[in-house]
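Descriptive structure summary
Each chain, written out:
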Amino acid sequence: MHDPLILTLAPYSENHSRSRGRLYSEPDSLTRTAFARDRDRVIHCTAFRRLKGKTQVFVADKGDYFRTRLTHSIEVSQVARSLAHTLGADQDLAETIALSHDLGHSPFGHAGEDELHKMMEPWGGFDHNVQTFRIVTRLEHRYPAFEGLNLAWETLEGVIKHNGPVAHKLGKPAWKSVADFSDFWDLRPETYASLEAQIAAISDDIAYNNHDVDDGLRAGLFTLADLRDIPLIGPAIAEVEKDWPLIDQRLLRLEAIRRVIGFMIRDVCLETERRLKEDGIETAEDVRRAGRQMVAFSRTVNEDLSRLRAFLYARMYKHYTVNRHRSQARRVLSDLFRLFMEEPEVLPPNWYGRVCTKDTETQRARVVCDYIAGMTDAYAIEQHKQLFSIS
């Protein structure tokens, strides 16, 4: 691995000086690289601020200390910078993609996404990754010269391809906006994305698995004792107790999770360097043309993660209190969607104006979907009260 004190780019990383540029030509920034500029545009956009009010996972006793989409995105970006630094990748690009990856999420977490997809099925469905792409290429309108954020090619590629090639998805109705965009600015949907995009993707896995353990413990959905036989976190708990026999439960939780994050980051670095060497990866183009993801967990850690995820699925994601919140969320979004489709005149004037300019029901449904997907949890609940409660 690279010396952690040396800031150098590996030959297989992206280089801002060789960026393919932006769809709309702009003068270069005098103070930032192209990828750092993209990061700043993401941070300043409306969709990023709204992540503060969007659920990560519903928990039994919601409070200010549970993760939101915003705090999750910040944690993902921190892990991504650590990985990018150690692997010699461009930290700004990895961070930008990490900060962007959840911009398209609807309110109420995956329950909201599932309900929006169900409501939109007759008109193409809903996919939060595609919605993220629509936000950064079209829906954000902050500049007089263009719609969207006019991000660099490498950033856009990473936003839509961080989980792997997407050519097989472009025929799906929900992916039409990506397919249309790629027709006039080829994002090479058949290849893998950059090393930096892959780093952002695996950083998401590292962050959410660990902070879901933390939030689940805080919410009382399970205890440290329940985790002792679970891979990754169980051994970390035992290790901390050995080092600090009198440690209290709060610090035990925090220290164990900190060690798991560090262990997972190191595992990814070692496995990625092994794959890069094994596949003879020497350039950024080699990364894209490889037949597999370069940034990955080792087989052992992957198997351990599967067991940890199974535990979280059974004890947290399917907990009855979480299910109750999901049930409420589905009703709120389905009620709003049906009402806005049947009576668009109750939409705010700017959104009603957008609906009126559309010629087909499919286009009108997409406008309604964009409006709902952009809501925070609290705003969706408040709108539901105003529209469905006589009082």
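Predicted model only: the values in this text are computed from it and were never measured. (Residues numbered from 1 in each chain as written. Predicted model: local features only at pLDDT ≥ 70, side-chain atom pairs only at ≥ 80, totals over all residues. Heavy atoms only, no water.)

**Observations concerning the nonpolar core**
Within the largest apolar cluster, 61 residues are counted, with the highest numbers of intra-cluster contacts made by Leu83, Leu195, Ile199, Leu227 and Ile233. Elements with a contribution of two residues or more to this core: α3 (69-87), α4 (91-100), α9 (195-218), α10 (233-243), α11 (249-278) and α13 (299-317). For Ile199, the contacting residues outside a window of four places in its chain are Ala80, Leu83, Ala84, Leu87, Ala89, Ala94 and Val295. By size, the runner-up hydrophobic cluster in this structure holds 26 residues, among which are Ala47, Leu70, Leu99 and Val166. (Core = buried A, V, L, I, M, F, W, Y, C linked by side-chain atoms within 4.5 Å. Buried < 20%, exposed > 50% of the residue type's maximum accessible area, 1.4 Å probe, protein only. Helix = DSSP H or I, 4+ residues; strand = E, 2+ residues; numbered from the N terminus. Contact = heavy atoms within 4.5 Å.)

**Quick notes on the packing of aromatic side chains**
For the structure on display, the rule yields 10 aromatic pairs. Centre to centre, the rings of Phe133 and Phe181 are 5.1 Å apart; their planes meet at 90°, and the pair counts as edge-to-face. A residue pair is termed long-range when its members are at least 10 positions apart, and Phe133 in helix α6 (residues 128-139) and Phe181 in helix α8 (residues 176-184) qualify at 48 residues. Phe181 shares its class with Phe133; the two are buried. Pairing Trp351 with Tyr371 gives two aromatic rings, centres 5.2 Å apart and planes at 45°, and the pair type is tilted. (Phe/Tyr/Trp six-rings, centres within 6.5 Å; stacked < 30°, edge-to-face > 60°.)

**Quick look at α8**
Along an α-helix, residues three or four apart share an orientation, since each turn contains 3.6 residues. What α8 keeps buried is the set Val178, Ala179, Phe181 and Ser182. Angularly, the buried residues of α8 cover 165° about the axis, an arc narrow enough to put them on a single face. Every exposed residue of α8 that faces more than 90 degrees away from the buried side is listed here: Lys176, Asp183 and Phe184. Buried residues along α8 sit against α6 and α7 (153-161). (Arc of directions from axis to C-beta.)

**Structural notes on the pattern of salt bridges**
Between side chains of opposite charge, a pair can form when the charged atoms approach closely. In the structure shown here, the tally under the stated rule is 34 salt bridges. With a closest N to O distance of 2.6 Å, Asp38 and Arg22 form a salt bridge. One end of the pair, Asp38, is in helix α1 (residues 34-44); the other, Arg22, is in the segment before α1, and 16 residues separate them in sequence. Take Asp38: its relative accessible area is 0%, and that puts it in the buried class. Three or more residues joined by partner-sharing salt bridges are found here, namely Arg32, Arg39, Asp40, Arg81, Asp92 and Glu95. (Salt bridge = Lys/Arg side-chain N within 4 Å of Asp/Glu carboxyl O.)

**Some points on a nonpolar patch on the surface**
Taken together, the side chains of Val346, Leu387 and Phe388 make up a nonpolar region of the molecular surface, amounting to roughly 210 Å² of accessible area. Here Phe388 lies in helix α17 (residues 377-388). (Patch = residues over 30% accessible without salt bridge, like charges linked within 9 Å, V, L, I, M, F, W, Y side chains within 5 Å. Areas by Shrake-Rupley, 256 points an atom, 1.4 Å probe, with all protein chains shown as cover.)

**A few points about α11**
Given a rise of 1.5 Å per residue, 30 residues ought to cover 44 Å, and the 43 Å separating the end C-alpha atoms of α11 matches this to within 8%. With a side-chain oxygen lying 3.0 Å from the backbone nitrogen of Arg250, the N-terminal cap of α11 falls on Asp248. (Expected span 1.5 Å × (residues − 1). Polar contact = N/O pair within 3.5 Å; in protein donor to acceptor, adjacent residues only side chain to side chain.)

**Focus on the UniProt feature "domain: HD" (unreviewed entry) in the protein**
Cross-referencing UniProt, the feature "domain: HD" (unreviewed entry) maps to residues 69-209 in the present numbering. For residues 69-209, helix accounts for 61% and strand for 0%, while the C-alpha atoms at its two ends are 14 Å apart. (UniProt positions renumbered as here; feature names shortened; annotations may be inferred.)

**Concerning the environment of Ile281**
Inspection of the secondary structure assignment puts Ile281 in the loop between α11 and α12 (284-289). In this structure the C-alpha to C-alpha distance between Ile281 and Val57, which are 224 residues apart in sequence, comes to 38 Å. Beyond its immediate chain neighbours, meaning those up to four positions away, Ile281 contacts Tyr12, Leu276, Asp286, Val287, Ala290 and Met294.

**Things to note about unusual backbone geometry**
Of note, Asn150 is a non-glycine position whose phi angle comes to about 50°, a positive value. With respect to the helices, strands and loops of the structure, Asn150 is situated in the loop between α6 and α7. Asn150 sits in the buried class, given a relative accessible area of 5%. Of note, the phi angle at Leu232 is positive, near 70°, even though the residue is not glycine. Considering the arrangement of structural elements, one finds Leu232 in the loop between α9 and α10.

**Overview of the side chain of Ser29**
Along the polypeptide, Ser29 turns up in the segment before α1. Of the polar contacts made by the side chain of Ser29, one reaches the backbone nitrogen of Thr31; its length is 3.2 Å. A polar contact is formed between the side chain of Ser29 and the backbone nitrogen of Arg32, at a distance of 3.2 Å.

**Points about the packing of α6 against α7**
Remark: α6 packs on α7, axes separated minimally by 9 Å, with the N-to-C direction vectors making an angle of 160°. Classed by the angle they form, the pair α6 and α7 counts as roughly antiparallel. Side by side, α6 and α7 meet where Asn129, Val130, Thr132, Phe133, Val136 and Thr137 of the first sit next to Leu156, Val159 and Ile160 of the second. (Axes fitted to C-alpha atoms, helices over the stretch in contact; angles between N-to-C directions. Parallel < 35°, antiparallel > 145°, perpendicular 65-115°, else oblique.)

**So, a positive patch on the surface**
On the surface, Lys118, Lys318, Arg330, Arg331 and Arg338 cluster together to form a positively charged patch. Counting residues per element, the positive patch draws most heavily on helix α14 (residues 320-342), at 3 residues. The residue Lys118 is located in helix α5 (residues 109-120) in this model. (Lys, Arg positive; Asp, Glu negative; His and termini not counted. Charge placed at Lys NZ, Arg CZ, Asp CG, Glu CD.)

**Regarding the packing of α14 against α17**
Across the interface, α14 lies against α17 with an axial gap of 10 Å and an inter-helix angle of 55°. As far as their axial angle goes, α17 and α14 are oblique. When you trace α14 past α17, the crossing you get is left-handed. Together, Arg331, Val332, Leu333, Asp335, Leu336, Leu339 and Phe340 of α14 and Ala380, Gln383, His384, Leu387 and Phe388 of α17 make up the contact between the two elements. Of the residues assigned to the contact of α14 with α17, the class counts are 8 nonpolar, 2 polar and 2 charged. (Left-handed = near helix turned anticlockwise from the far one by under 90°. Nonpolar A, V, L, I, M, F, W, Y, C, P; charged D, E, K, R; others polar.)

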